[in-house]
Amino acid sequence: MQKHTNARQTSARITFRSIAFCLFFISYGLLAQKAMPADNEKIPLDKAVRTGKLPNGFTYYIRRNLKPEGRVSLYLANKVGAIQEDEDQLGAAHFLEHMNFNGTVNFPKNELVDYLQKIGVSFGADLNAMTTFDATIYQLPIPTDNPEFIKKGLTIMHDWAQGASLETDEINAERGIILEEMRSRDNVMQRTMMQYTPVVLNQSKYASRWPIGTEESIKKMTPEAIRRFHHDWYRPNLQALVVVGDINVDEMEKQIRKQFSDLKNPVNERSAEVDKVKLAGKNNFISITDKEADGTMIMVVVKTPEIVVRTIADYKETFKRQIFNDIMSDRYNVVSLNDNLQFIGATVNISPFLGKIDLLSGMVALKPGQYEDGFKAMWREHEIAKRFGFTENEIKTSKKSILDGLALALIEKSNAQSSGYVDEYVRVFLTDEAAAGIVKENEISIAAVNEITQADMHEFIKRMMSDTNRDIIITSAEKYKDVLPNQAAVESWMQEVAKEDLKPYNDKKDNRPLMAKKPSPGKVKSTKSIASLSITELTLSNGLKVILKPTKYRNDQIVINGFGPGGTSIYSDADFESAANATELISGAGVGEFSKIDISKISMANQMGINPIIDENYQELMGSCITSSLEKQLQLIHLYMAKPKLDTNYYANWVDRTKAELAEPSNSPQSSSNDTIISVFHNYNPRFKTATIEDLKKININRAFEIYKERFGNARNFTFVIIGSFNPKTITPLLETYLGSLPSLPNKDSIVNLNIHPAPGKITKMVYKGNGNLSNVTMIFSGKYSYGVKNNMQLIALKSILDYKLTERLREIESGVYSPSVSVNYSKIPNNDYSVFISFSCSPDNYERLIAATLDEVKKLKDNGALLTDIEKFHEESMRHHQIMLKENYFWMSYITRSYKNGDNLENILEYEKNIKNIQANNIKEAANTFLSGDNLIKVILLPENYATKSNK
Ligand SMILES: [Zn+2]
């Protein structure tokens with residue numbers, strides 16, 4: 001659902017199409033964001049972790065941690081992945097991962113997922129698993145308030161370790177789901193990546209072991225091949241159990257020793273050692289075109305051996321990378337503001353790749369017809385960094401931001417979440433990475449960061465920007481096939497840049513304060529408090545309201561959201577584009593005396609930030625900061641509201657870049673289908689559609705500036721919600737100074753009701769696009785809504801129940817869909833409307849059958865209501881989720897904001913658990929009949945282009 005909500009909010013704004021920076025897609029972040037100990041010595045493991053190995057080789061890591069309370073995370077890590085597959089087993093590691101949810105010794109068939117949902121564990125969000133090239137990881141967070149849950153949890157881990165049933169019928173039934181999973185991932189990004197990865201990996205074994213397998217290998221996979229994989233590789237000497245949470249460590253260790261000692265290693269066991277990718281010292285080139293690709297991109301990648309942080313020296317190397325990534329990203333941000341920018345976007349970054357290889361990847365998205373100029377503009381930044389290194393000030397700034405992050409980790413030590421620890425210990429097992437504990441890591445890290453010199457960084461850059469093991473990858477839309485540069489051309493451009501007379505990067509130190517002089521403060525005029533929720537509401541003398549909720553959920557985090565009614569709703573269609581793009585154009589130019597780059601540097605240095613937006617009905621300022629930056633954060637808010645600036649150069653540059661982006665309509669089937677959904681759903685209202693060059697022409701920069709000032713210039717419009725680790729006594733004078741001093745008008749604005757509703761009636765739209773074998777189905781039920789506690793909870797419950805039913809039916813019974821999704825929206829202001837979105841991807845040959853199956857499940861809910869067991873799952877899952885959410889600052893931020901916008905009683909939340917429990921089978925029957933009547937039903941169906949001739953529906 002998130003997908004559609006976002007589309008709705010941003011569809012009207014002209015934004016950059018995301019450039020397919022695919023390399024990161026397969027880097028799973030094995031690189032820890034952590035600190036270091038003594039040069040080449042292995043850093044010892046944190047003493048707070050209990051670890052051990054059973055005689056059969058089974059390893060465990062146990063740690064008591066109370067964030068969150070009443071929960072424990074159990075992870076089973078296997079040093080086994082696609083790389084261990086034989087030729088007849090391509091995709092078997094991942095297939096087997098699925099089979100562990102389809103029948104084990106103690107949980108036949110689908111009983112595992114069923115049991116877990118009943119104790120409040122959600123499938124997907126909590127319970128999950130993943131298979132990579134080198135590892136298979138199963139994750140299970142469970143409640144600990146009943147000792148039976150922990151006992152069962154360990155039984156599940158034991159079943160996963162060696163107890164998969166692997167029945168032939170079940171394997172055959174899962175085959176379709178895996179093919180659907182493969183289909184759902186078949187997009188231009190994936191196809192492109194699968195072509196260049198083997199080249200980058202010098203055709204090593206990794207190149208032919210894509211974890212999902214191939215269509216042919218999945219169709220042909222025999223149950224025997226899967227059983228053989230299980231027998232060979234699911235063995236205790238390749239497995240570890242990681243347990244972190246609200247548990248007794250001694251007791252847990254006893255249980256593990258008792259229960260996991262019976263796991264057996266196979267006789268004549270095979271070696272799990274794999275050849276790593278060889279750095280062949282050669283340079284590869286590949287040029288890939290695809291009918292569904294947009295634009296042209298050139299990537300230059302340099303291979304380097306991976307770094308796993310085990311010693312102080314590794315830490316130091318990791319921080320050099322971080323400094324490199326930081327500074328280069330800053331430099332590209334500055335370059336992208338140049339007049340006459342010659343490319344659409346560019347980045348460079350060092351990150352983990354595959355097969356024990358890390359990559360430095362420089363990427364540039366090119367403007368049509370400007371390949372040489374665009375590439376050279378990107379490469380010039382490489383050359384400047386390589387020739388002159390980084391400046392003292394750049395390095396100092398980057399180091400400070402790293403050290404600030406380290407200091408914050410220390411402050412929040414007592415709030416470190418169990419999920420973070422489990423991930424860390426899984427890496428310790430899989431890669432032998434160091435995990436010294438937060439305090440020790442901090443010491444090591446600080447020392448390591450401080451030791452890095454300007455000369456070290458220059459040596460590092462020269463080493464990383466090597467000319468060998470350097471590959472060039474071009475990806476492009478099919479139609480540019482004949483005009484793309486070849487290897488010799490790109491290499492000659494590099495050589496030409498290397499000979500250019502270049503100047504070192506000019507980085508001036510900026511010591512200006514955000515505000516040289518404090519504004520004259522306003523006053524708190526009235527105070528109201530809601531003691532049951534520790535919330536205070538202040539009204540300042542200029543009419544601005546502040547809602548304060550001090551919390552201790554984090555030690556050093558304050559989240560802030562200021563909002564006011566109006567948004568783009570106030571403006572005519574003629575002004576709409578100016579209004580919708582006003583924040584991008586005005587705040588993009590900076591505020592007060594500062595450019596956007598200055599602001600982002602100041603924000604980074606002070607660990608704060610604020611982001612203004614104007615949407616349909618509201619203008620908002622959202623951000624967060626650490627406690628000590630609160631004053632500066634409020635100054636920044638003051639500037640965004642009172643001191644916007646007009647920069648016509650920035651505007652011209654932005655228009656130019658966006659034009660290049662929008663020059664051609666996207667070739668992606670997915671975006672065509674999304675465009676249709678947005679347009680149809682909003683009845684073709686011009687405010688809800690993908691931007692075009694024509695829309696760009698409607699922007700008037702002076703009008704956009706006026707609109708920005710209107711939206712943010714009247715303090716009386718605004719309510720600020722401030723939540724987190726602040727002192728309620730000392731915050732008042734700051735609020736009076738920076739928010740109370742903002743100018744205001746005598747009256748408050750209100751939202752203008754433009755009467756935009758979901759399109760009524762029954763509508764079916766076919767979209768024929770793309771050459772793959774993929775269909776996407778979206779079904780939207782909608783109608784008038786009666787907003788209120790009871791209906792809201794019924795809709796939320798209906799979403800969960802429908803989710804269970806469709807997963808069961810479309811995935812498990814029909815084997816036709818990998819992952820159906822259901823989401824609901826409801827609103828009160830400006831209109832009482834609701835919508836229920838159902839969407840899934842499937843084979844184009846099955847869409848009619850699957851739509852019928854969906855409607856059949858809807859009918860069952862309307863006729864019979866929900867099953868008791870589904871109601872039970874809903875109760876447990878929502879309660880567990882709610883208990884965790886109540887300890888999050890961000891949850892409270894969105895709850896309080898929404899309540900104020902809708903005029904809801906804030907104390908409703910005290911009844912939330914009771915309202916969950918009140919939902920019974922008949923409520924679902926009532927909800928299904930009300931909300932899924934089908935009187936208003938939109939269907940948008942994406943099919944491949946060649947289906948257009950097959951049918952004329
Ligand atoms: Zn899967």
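Just so we're clear, the structure is a prediction, and the values are computed from it rather than from any experiment.

Trainee: Just give me the short version of the nonpolar core, but keep the residues and values in it.
Mentor: Membership of the largest hydrophobic core comes to 77 residues, with the highest contact counts inside it found for L116, L140, W160, V243, I256 and F260. Among the elements that line this core, the one with the most residues is helix 4 (residues 147-162), at seven residues. I256 has contacts with L54, F58, Y60, I62, L154, L241, V243 and S261, leaving out every residue within four places of it along the chain. Ranked by size, the runner-up nonpolar core spans 53 residues in total, among them V348, I474, W493 and M494.

Trainee: Break down the pattern of salt bridges for me, citing the residues and quoting the values.
Mentor: Evaluated as defined, the whole model comprises 74 salt bridges. K376 is the partner of E496 in a salt bridge, and the nearest nitrogen-oxygen pair spans 2.5 Å. Linking E496 in helix 16 (residues 487-499) with K376 in helix 11 (residues 371-388), this pair joins segments that are 120 residues apart in sequence. Through salt bridges with shared partners, a single ionic network connects D86, D88, E224, R228, D232 and R270.

Trainee: Report on the domain arrangement of the protein, specifying residues and quantitative values.
Mentor: The domain architecture assigned to the protein consists of domain 1 (57-260), domain 2 (277-499), domain 3 (514-738) and domain 4 (762-950). For domain 1 versus domain 4, the separation of C-alpha centres amounts to 28 Å. Each partner contributes residues to the interface: domain 1 has 24 residues there, and domain 4 has 21 residues. Taking both sides of the interface into account, the surface hidden between domain 1 and domain 4 amounts to around 2,000 Å²; carbon and sulfur atoms contribute 50%. One salt bridge connects R880 with D145, and the closest N-O pair in it is separated by 2.9 Å. Between the two partners, domain 1 and domain 4, sit eight residue pairs in polar contact (both at pLDDT 80 or more). Looking at the side of domain 1 that touches domain 4, the elements that each hand over two or more residues are helix 3 (111-118) and helix 5 (168-184). Examining the composition of the side of domain 1 that touches domain 4, we find that eight residues originate from one element, helix 5, more than from any other. Tallied by class, the residues present in the side of domain 1 that touches domain 4 amount to seven nonpolar, eight polar and nine charged.

Trainee: Which residues make up the coordination of the zinc ion, and what are the values?
Mentor: Those donors, H94 (NE2), H98 (NE2), E181 (OE) and E181 (OE), are the protein atoms that reach the zinc ion, and they lie 2.1 to 2.5 Å from it. Around the zinc ion, the four donor atoms are arranged such that angles at the metal cover 56 to 143°; this shape is classified as irregular. All donors of the zinc ion belong to a single chain; written as a sequence motif, their spacing is H-x3-H-x82-E. You can see H94 sitting in helix 2 (residues 92-99) and its partner E181 sitting in helix 5, a full 87 residues away along the chain.

Trainee: Quick one: what's the story with the side chain of E253, residue by residue and with numbers?
Mentor: Locating E253 in the fold gives a position in helix 9 (residues 249-260). Setting aside its immediate chain neighbours within four residues, E253 contacts R50, Y60 and I62.

Trainee: Explain unusual backbone geometry to me, and be specific about the residues and the numbers.
Mentor: Of the consecutive residues K67 and P68, the connecting peptide bond is found in the cis state with omega at 0°. Position of P68 relative to the elements: it lies in the loop between strand 2 (59-64) and strand 3 (71-78). Of note, the amide linkage connecting I829 to P830 takes the cis form, showing an omega dihedral of 0°. Structurally, the position occupied by P830 is in the loop between strand 21 (821-827) and strand 22 (833-842). If you check the backbone angles, N202 has positive phi at about 50° while not being a glycine. Judged by its relative accessible area of 17%, N202 is buried. For Y684, which is not glycine, the phi torsion reads 60° and is therefore positive. With respect to the helices and strands, the residue Y684 is situated in the loop between helix 22 (669-681) and helix 23 (693-697).

Rules behind the numbers
- Residues numbered from 1 in each chain as written.
- Predicted model: local features only at pLDDT ≥ 70, side-chain atom pairs only at ≥ 80, totals over all residues.
- Heavy atoms only, no water.
- Core = buried A, V, L, I, M, F, W, Y, C linked by side-chain atoms within 4.5 Å.
- Buried < 20%, exposed > 50% of the residue type's maximum accessible area, 1.4 Å probe, protein only.
- Helix = DSSP H or I, 4+ residues; strand = E, 2+ residues; numbered from the N terminus.
- Contact = heavy atoms within 4.5 Å.
- Salt bridge = Lys/Arg side-chain N within 4 Å of Asp/Glu carboxyl O.
- Domains from an automatic or database assignment.
- Buried area = accessible area lost by both parts, 1.4 Å probe.
- Polar contact = N/O pair within 3.5 Å; in protein donor to acceptor, adjacent residues only side chain to side chain.
- Nonpolar A, V, L, I, M, F, W, Y, C, P; charged D, E, K, R; others polar.
- Donors = N, O, S within 2.8 Å, 3.2 Å for Na, K, Ca; no water.
- Tetrahedral: all angles 85-135°; square planar, octahedral: opposite > 155°, others 65-115°.

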